[in-house]
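Notes for the structure review
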Amino acid sequence: MRINRTELADLGTFVAIARHRSFRRAGLALGVSASALSHALKAMEARLGVRLVNRTSRSVTLTAAGEDLLASLDAPFAAIGSALDVLNRHREPAEATGRIRLNVLEHASTLLLAPVLPLFQARHPRVEIDVRVSNDLLDVVETGADAGIRYGGTVPQDMVAQRLSADLRWVVVGAPGYLDRNGTPDHPSDLLAHRCLRIRLGDESLYRWEFEKGSEALAHDVPGAVTIDNTQFALTLAMSGGGLAYLPEPCVGPAVARGDLRIVLADWAPTGAGFHLYYPGRRQLPTGLRLLLDLIRAVKPLGL
C-alpha cells in the first residue's frame with residue numbers, strides 16, 4: 001500500500017502528539033500552533049474512521065487504537081529521524097544545525113551546562129538548545145526530550161548512560177554566625193540538635209543525609225522546619241544563618257572561599273555518583289547532542 005505526502009505528514013503529527021501527550025508541546029516541537037495540530041488530528045481520525053486520542057482540558061491520552069498505531073510507528077519514525085541526522089555528519093561541525101531538547105537536574109544545569117554552553121554556542125551557533133531544568137524524575141521519552149542528565153545512580157535501567165563528570169563529594173555547610181551560636185557538629189548524630197534544611201527529592205520523598213567514614217556509613221533523617229528542592233535557595237538560607245545545608249561541594253565552593261559558609265563534618269563527607277547523560281537505546285544521538293557531549297568531556301567542568 002502506497003502512502004501519499006499528506007498521510008505521511010498526518011502520521012508524523014500523530015507521533016508528535018502521542019510522544020508529548022500535549023498539543024501545545026507537540027506544536028512547539030513541530031513549529032505549528034496547537035489548534036492546527038488539533039484540526040489535523042481530527043481530520044485524520046475522520047478519514048481513518050477511528051479515534052486515536054482522548055482529549056480533555058487537562059490531559060491527552062491515547063485510545064487502544066492510538067497505542068497500537070504508536071507502537072507501529074515509533075520505531076520507523078525514530079529511524080527516519082536518525083537517517084536524516086546522518087546527513088549532518090557530512091557537514092563540518094561548525095555547520096551543525098537542529099535543536100537539542102534536554103531534561104536536566106538543577107545541579108547539572110549550573111555545574112555542568114552553564115560553564116560549557118557559551119563555548120558550545122560560539123562553535124555551533126545554528127544549533128538550538130532547549131533545556132528543561134527540574135529535579136522531578138521526568139521520563140525523557142514522554143516529555144519529548146532527546147536526552148536527560150541525572151546522577152548516575154538514578155538513571156533508568158532501560159536507558160543508555162554515558163558519564164559526564166567525576167563523582168562528587170557531598171558536604172554539610174553552615175554560616176559562621178550560625179555555628180558560633182549553635183556549636184559545630186563533630187559527629188553526624190550531633191545534627192539532631194541543629195536546624196537543618198531538609199531536602200525534598202523528585203519523587204516527593206525526603207532525603208536522608210548520608211555520611212561515610214572509613215567502613216562506617218550512616219543516613220540521618222535530619223530535623224528542620226524548612227524543606228526545599230532548590231540549591232540557590234538553600235545557599236541563601238544557609239548564608240543567612242537559617243540552618244545547615246547538605247550540598248555537592250562544587251555548589252558551595254565559592255561561598256566557602258569567601259568565608260560566607262564553613263564546611264563541617266568534613267571527615268564524614270561521602271562521595272556520590274557523578275552526572276550521566278541518558279537516552280533511549282533505540283535512538284541515535286542527534287549530531288548537536290553528540291557535539292555537546294564531546295565538548296563537555298573535553299572541557300571537564302567537574303572532572304571526568
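Structure: see above.
Not measured: the values here are computed from a predicted model.

Attention shifts here to the side chain of S38. Turning to its location among the elements, S38 is positioned in helix α3 (residues 34-48). Judged by relative accessible area, S38 falls into the buried class, the value being 17%. Not counting residues up to four positions away in its chain, the partners in contact with S38 are F23 and R55.

So, on to the pairing of strand β9 (residues 209-213). Looking at chain direction, β9 and strand β10 (residues 216-220) are connected through 5 bridges and run antiparallel. Residue pairing across strands places E212 opposite A217, the latter belonging to β10. Counting the residues in the hairpin turn of β9 and β10 gives 2 residues, including G214, whose phi is positive at 60 degrees.

Attention shifts here to the packing of aromatic side chains. By convention here, two paired aromatic rings are described through the distance between centres and the angle between planes. Inspection of every chain in the model, using the stated rule, returns 6 aromatic pairs. Geometrically, the ring pair formed by F211 and Y246 is edge-to-face, given 5.9 Å between the ring centres and 75 degrees between the ring planes. In this pair, F211 sits in strand β9 while Y246 sits in strand β12 (residues 245-248), placing the two residues 35 residues apart along the sequence. Here F211 matches Y246 in class, with each residue buried. An aromatic cluster of at least three residues, connected via ring pairs, comprises Y151, W170, Y207, W209, F211, Y246 and F275.

Here the focus is the layout of surface pockets. In this model, the second largest pocket occupies a volume close to 780 Å³. At the level of elements, α5 (106-113), β8 (197-199), β9, α8 (231-239), β12 and β14 (271-272) are the ones that each hand at least two residues to the lining of the second largest pocket. Of the residues assigned to the lining of the second largest pocket, the class counts are 16 nonpolar, 9 polar and 6 charged.

Moving on, we come to the pattern of salt bridges. Under the defined criterion, the tally for this structure stands at 10 salt bridges. E67 is the partner of R21 in a salt bridge, and the nearest nitrogen-oxygen pair spans 3.6 Å. Of this pair, R21 sits in the loop between α1 (5-20) and α2 (23-30) while E67 sits in helix α4 (residues 64-88), and the two are 46 residues apart along the sequence. Judged by relative accessible area, which is 27%, R21 ranks as partly exposed. In this structure, R200 engages D229 in a salt bridge whose closest nitrogen and oxygen atoms are separated by 3.5 Å. Here the residue R200 occupies a position in the loop between β8 and β9, and D229 occupies one in the loop between β11 (226-228) and α8, the gap between them amounting to 29 residues. Look at R200 and you get partly exposed, because its relative accessible area is 28%. Look at D229 and you get partly exposed, because its relative accessible area is 36%. Each of R200, E204 and D229 takes part in salt bridges that share partners, so that together they form one network.

Moving on, we get to the side chain of E106. Mapping E106 onto the fold places it in helix α5. R200 is the oppositely charged side chain nearest to the buried, salt-bridge-free E106, at an N-O distance of 10 Å. Apart from the residues within four sequence positions on either side, E106 is in contact with V133, S134, N135, D229, N230, T231 and Q232.

A separate point is the sheet that holds strand β15 (residues 275-280). In spatial order, the strands read β4-β3-β5-β15-β6; together these 5 strands make up an open sheet with mixed pairing. Where the open sheet ends on each side, the last strands, each with one partner, are β4 (127-133) and β6 (159-163). Each strand of the sheet is rotated relative to its neighbour by a mean of 25 degrees, with strand direction disregarded.

Applying the stated criterion to the full structure yields 2 cavities of 30 Å³ or more. By volume, the largest cavity is sized at about 50 Å³. Every element with two or more residues in the lining of the largest cavity is listed here: β3 (98-104) and β5 (147-151). Tallied by class, residues from the lining of the largest cavity come to 5 nonpolar, 2 polar and 2 charged. Each pocket or cavity is described by its volume, and for the second largest cavity that value is around 30 Å³. Each residue belonging to the lining of the second largest cavity can be placed in one class, and the counts come to 9 nonpolar, no polar and no charged.

Mapped onto the fold, V53 is located in strand β1 (residues 53-55). Judged by relative accessible area, which is 0%, V53 ranks as buried. For the pair formed by V53 and R21, sequence separation is 32 residues and the distance between their alpha carbons is 9.4 Å.

Rules used in this analysis
Residues numbered from 1 in each chain as written. Predicted model: local features only at pLDDT ≥ 70, side-chain atom pairs only at ≥ 80, totals over all residues. Heavy atoms only, no water. Helix = DSSP H or I, 4+ residues; strand = E, 2+ residues; numbered from the N terminus. Buried < 20%, exposed > 50% of the residue type's maximum accessible area, 1.4 Å probe, protein only. Contact = heavy atoms within 4.5 Å. Pairing = 2+ DSSP bridges. Phe/Tyr/Trp six-rings, centres within 6.5 Å; stacked < 30°, edge-to-face > 60°. 1 Å grid on protein atoms, 1.4 Å probe; cavity = no way out; pocket = protein on both sides within 12 Å on 5 of 7 lines; lining within 4 Å. Points joined across faces, edges and corners; volume = space filled by probe spheres on them. Nonpolar A, V, L, I, M, F, W, Y, C, P; charged D, E, K, R; others polar. Salt bridge = Lys/Arg side-chain N within 4 Å of Asp/Glu carboxyl O. Lys, Arg positive; Asp, Glu negative; His and termini not counted. Axes fitted to C-alpha atoms, helices over the stretch in contact; angles between N-to-C directions.

Shape is all these values report; function is a separate question.
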